[in-house]
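Fold and contact review
Residue-level listing of the chains:
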Amino acid sequence: MNNSTKTSKITLYGIFAALAMILSYVELQIPAFFAVPGMKLGLTNIVVVVALYVLGEKSAFFINLIRILVVSLLFGTVMSLWFSLAGGILSTLIMILLKRCNKFSPVGVSAAGGITHNIGQIIVAMLMLNTGFIIWYLPILWITGVVSGVLIGIIGGIVYKRLSHNHDEFL
Amino acid sequence: MIKRYFTKNDILLIAALLLLSGALMLVLLLSQKHGSTVVISVDGKDVKSFSLYEDTRFVIDGYHGGSNVLVIENGEAYLESASCPDKLCVNMGKISKVGQSIICLPNKVVIEIRGDSSEEEYDAVVG
């Protein structure tokens, strides 16, 4: 990233944000697998994980923020905006923290991100719907969060490796 | 093969996270309260409710002419028989705790256990 100009930075961020939005859209088209609302693959997280490693903490955070705002404006509701914001911000912050530890690979970072995304959404859901009942979704969403987080982390790790092989060309 | 993607720390982290979810499940299960009412809804609308402490037998008119036979016995509710082809709802067994439910998708029937309305709030949220 040393010799990259401002323009190439803007372009790169744009590509990442667009990719995250597209993956969000793709994910919206996939129906829920089971009767558990909020259960998702977390495809978007691939972009966030890769951005975290390739572009850095701040970029990953803001790319995710922009993605959430735009996707909610295009396809979502006011309700879904709050859900996404809570999940997205919490998971991104946790991933940044874990990455700073320097002890975990993208897989561990992404697994923690997957869970905290679900935790954030459940907290908001409990506050907004004013019911404790939703906490019953937490154990299920926790486990699915780990599983999808690990898978996303593996994919993210591969993408990151490939990108850094061609570091000079792209970045 | 595994080492290509995981480090030892990752595996420890993931194991810890899974253990935590198990612990959470356990806490939730132990703090579960015995329900007091059985609420039946068909196609999203509440149609009838019973006390969980009175033994009853009731035939639910499901969606599109389906039917399920609900039995309440010894503080537990279950479906004795159903018109649906897969009988998943019958196999879901007996329910008695707040929040538990039996769902019959073909007949759009949902049977849910609720507590006293004043007890809806949780004493503490662990998570």
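Preceding this section is the structure that the text describes.
Structural notes, computed from the coordinates. Treat the numbers as computed from the prediction; the structure is a model and nothing was measured.

**Topic: helix α5 (residues 106-129) of chain A**
Residues separated by three or four positions in an α-helix point in the same direction, a consequence of the helix having 3.6 residues per turn. All names here are of chain A. End to end, α5 covers 34 Å across 24 residues, agreeing with the expected 34 Å (1.5 Å per residue, within 8%). For α5, the tally of buried residues reaches 19 of 24 residues, placing the bulk of the element in the interior. Asn-130 lies just past α5 and shows a positive phi near 55 degrees.

**As for the interface of chain B and chain A**
Opposite the 22 residues of chain B that make contact, chain A presents 24 residues. The junction of chain B with chain A conceals about 2100 Å² of combined surface from both sides, 76% of it contributed by carbon and sulfur atoms. In this structure, the connection of chain B to chain A is made through 0 salt bridges. Counting across the chain B and chain A interface gives 4 residue pairs in polar contact (both at pLDDT 80 or more). For the side of chain B that touches chain A, the per-class residue count stands at 14 nonpolar, 5 polar and 3 charged.

**As for the nonpolar core**
Core analysis: the largest hydrophobic core is formed by 50 residues, its most contacted members being Phe-16, Trp-142 and Val-150 of chain A. When contributions to this core are tallied by element, the ones reaching two or more residues are α1 (6-29), α2 (44-54), α3 (57-75), α4 (78-101), α5 and α6 (137-165) of chain A together with α1 (8-30) of chain B. Contact partners of Phe-16 of chain A, with chain neighbours within four places excluded, come to Val-47, Val-50, Ala-51, Leu-55 and Ile-63 of chain A.

**So, the sheet that holds strand β4 (residues 67-73) of chain B**
All names here are of chain B. Overall, antiparallel pairing links the 3 strands, which are arranged β3-β4-β5 in an open sheet. The open sheet terminates on both sides in strands that have one partner only, identified here as β3 (56-61) and β5 (76-82). The average undirected angle you get between the axes of adjacent strands in this sheet is 25 degrees. Bridging between β3 and β4 involves 6 bridges; their strand directions are antiparallel. When the sheet's bridge partners are listed, Ile-60 is paired in β4 with Asn-68.

**What to know about unusual backbone geometry**
In this structure, Asn-102 of chain A takes a positive phi of about 65 degrees despite not being glycine. Structurally, Asn-102 of chain A is set in the loop between α4 and α5. Even without being glycine, Asn-74 of chain B reaches a positive phi, approximately 50 degrees. With respect to the secondary-structure elements, Asn-74 of chain B resides in the loop between β4 and β5. Exposure remark for Asn-74 of chain B: the relative accessible area of 64% places this residue in the exposed category.

**A closer look at a nonpolar patch on the surface**
Together, Val-78, Met-79, Trp-82, Ile-123, Leu-127, Met-128 and Leu-129 of chain A line one region of the surface with nonpolar side chains, adding up to about 700 Å² of accessible area. Going through the elements one at a time, α4 and α5 of chain A are the ones with two or more residues in the nonpolar patch.

**Description of the pattern of salt bridges**
Between side chains of opposite charge, pairing is possible as soon as their charged atoms come close. In the structure shown here, the tally under the stated rule is 5 salt bridges over all chains. Residue Arg-100 of chain A pairs with Glu-57 of chain A through a salt bridge whose shortest N-O separation is 2.8 Å. Remark: Glu-57 of chain A occurs in helix α3 and Arg-100 of chain A occurs in helix α4; sequence separation between them is 43 residues. Since its relative accessible area comes to 57%, Arg-100 of chain A is described here as exposed. Overall, the relative accessible area of 24% leaves Glu-57 of chain A in the partly exposed class. Three or more residues joined by partner-sharing salt bridges are found here, namely Asp-46, Glu-112 and Arg-114 of chain B.

Conventions we followed
- Residues numbered from 1 in each chain as written.
- Chains lettered and ligands numbered in written order.
- Predicted model: local features only at pLDDT ≥ 70, side-chain atom pairs only at ≥ 80, totals over all residues.
- Heavy atoms only, no water.
- Helix = DSSP H or I, 4+ residues; strand = E, 2+ residues; numbered from the N terminus.
- Expected span 1.5 Å × (residues − 1).
- Buried < 20%, exposed > 50% of the residue type's maximum accessible area, 1.4 Å probe, protein only.
- Contact = heavy atoms within 4.5 Å.
- Buried area = accessible area lost by both parts, 1.4 Å probe.
- Salt bridge = Lys/Arg side-chain N within 4 Å of Asp/Glu carboxyl O.
- Polar contact = N/O pair within 3.5 Å; in protein donor to acceptor, adjacent residues only side chain to side chain.
- Nonpolar A, V, L, I, M, F, W, Y, C, P; charged D, E, K, R; others polar.
- Core = buried A, V, L, I, M, F, W, Y, C linked by side-chain atoms within 4.5 Å.
- Pairing = 2+ DSSP bridges.
- Axes fitted to C-alpha atoms, helices over the stretch in contact; angles between N-to-C directions.
- Patch = residues over 30% accessible without salt bridge, like charges linked within 9 Å, V, L, I, M, F, W, Y side chains within 5 Å.
- Areas by Shrake-Rupley, 256 points an atom, 1.4 Å probe, with all protein chains shown as cover.

These figures come from the coordinates and say nothing about function on their own.
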